[in-house]
Amino acid sequence: MQQQLEAYNARDIDAFMQWWAEDCPYYAFPSQLLAHGTAQIRERHLARFQESNLRGELLHRSVVGNLVVDHERVTRTFAEGPGEVEVLAVYEVSEGKIAKAWFKIGAPRLHSER
């Protein structure tokens, strides 16, 4: 997961995508399918990777068996302006790739609201 986060922070779509299984489902927690497969996951991240302030800060990581849970603070540019959001990311890993992913996203906090 660390290399995937580093590729995310580098906004390197090819390095980021190498960690995703071809048929990976990508959910908003608990079960809203947002993307299925690497083509849709890639498309979902292309615009986000254009944000110059994009950065995921790992606050805590837990690993149990083949599940990895990351608690992150993500800085990005929302429609309303720059800010940050807390994210819980749950990854099911199989053969070194993300086989399933769930994301619970908190409320965005705009930097002007601090």
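Relevant structure appears above.
Computed from a prediction, not measured in an experiment: that's the story for all the values here. (Residues numbered from 1 in each chain as written. Predicted model: local features only at pLDDT ≥ 70, side-chain atom pairs only at ≥ 80, totals over all residues. Heavy atoms only, no water.)

Chemist: I would appreciate a short explanation of the nonpolar core in the present structure.
Modeler: The nonpolar side chains of a soluble globular protein tend to be buried, and buried together. Phe16, Trp20, Ile41, Tyr91, Ile98 and Phe103 are the most contacted members of the largest nonpolar core, which has 25 residues in total. Listing elements by their share of this core, those giving two or more residues are helix H1 (2–10), helix H2 (13–17), strand S4 (67–78), strand S5 (81–94) and strand S6 (97–105). In terms of residue count, the dominant contributor to this core is S5 (4 residues). With sequence-adjacent residues up to four places away left out, Tyr91 is seen in contact with Met1, Gln4, Trp20, Asn66, Leu67, Val68, Asp70, Glu72, Ile98, Lys100, Ala101 and Phe103. (Core = buried A, V, L, I, M, F, W, Y, C linked by side-chain atoms within 4.5 Å. Buried < 20%, exposed > 50% of the residue type's maximum accessible area, 1.4 Å probe, protein only. Helix = DSSP H or I, 4+ residues; strand = E, 2+ residues; numbered from the N terminus. Contact = heavy atoms within 4.5 Å.)

Chemist: Would you take a moment to explain the pattern of salt bridges for this structure?
Modeler: Counted by the stated rule, this structure contains 7 salt bridges. We note a salt bridge from Arg73 to Glu57, for which the minimum N-O separation is 3.2 Å. Linking Arg73 in strand S4 with Glu57 in strand S3 (residues 55–64), this pair joins segments that are 16 residues apart in sequence. Among the ionic pairs, Glu86 bridges to Arg109, the shortest N-O distance being 4.0 Å. Placement of Glu86 in strand S5 and of Arg109 in strand S7 (residues 109–110) is noted, with a sequence separation of 23 residues between them. If you follow the salt bridges from partner to partner, you end up with Glu57, Arg73, Glu84, Glu86 and Arg109 in one network. (Salt bridge = Lys/Arg side-chain N within 4 Å of Asp/Glu carboxyl O.)

Chemist: Would you mind showing me how to read the environment of Glu92 here?
Modeler: One can find Glu92 in strand S5. You can call Glu92 partly exposed: its relative accessible area is 26%. Each C-alpha atom, one on Glu92 and one on Asn9, is 21 Å from the other, the two residues being 83 residues apart in sequence. Once residues within four sequence positions are removed from consideration, Glu92 is found in contact with Asn66, Leu67, Lys97, Ile98, Ala99, Lys100 and Trp102.

Chemist: Looking at this model, I keep getting lost on the packing of aromatic side chains. Mind explaining?
Modeler: Describing an aromatic ring pair means giving the distance of the ring centres and the angle of the ring planes. The tally for this structure, following the rule as stated, stands at 9 aromatic pairs. On the numbers, 5.7 Å between centres and 55° between planes, the contact of Phe16 with Trp20 is tilted. You can call Trp20 buried: its relative accessible area is 2%. Where Tyr26 meets Phe103, the ring centres are 4.7 Å apart and the plane angle is 35°; that geometry is what we call tilted. Taken together, the positions of Tyr26 in strand S1 (residues 25–28) and Phe103 in strand S6 put the pair 77 residues apart, joining distant regions of the chain. Judged by relative accessible area, which is 12%, Phe103 ranks as buried. Members of the aromatic cluster, joined through ring pairs, are Tyr8, Phe16, Trp20, Tyr26, Phe49, Tyr91 and Phe103. (Phe/Tyr/Trp six-rings, centres within 6.5 Å; stacked < 30°, edge-to-face > 60°.)

Chemist: Even after reading the chapter, I still don't get the pairing of S5, so can you show me in this structure?
Modeler: Two elements, S4 and S5, share 12 bridges in a ladder whose sense is antiparallel. Counterpart to Thr77 in the pairing with S5 is Pro82. Hairpin connection, S4 to S5: the antiparallel pair is bridged by 2 residues. Strand direction decides the pairing type here: S5 and S7, joined by 2 bridges, are antiparallel. Of the residues in S7, the one forming a bridge with Glu84 is Arg109. (Pairing = 2+ DSSP bridges.)

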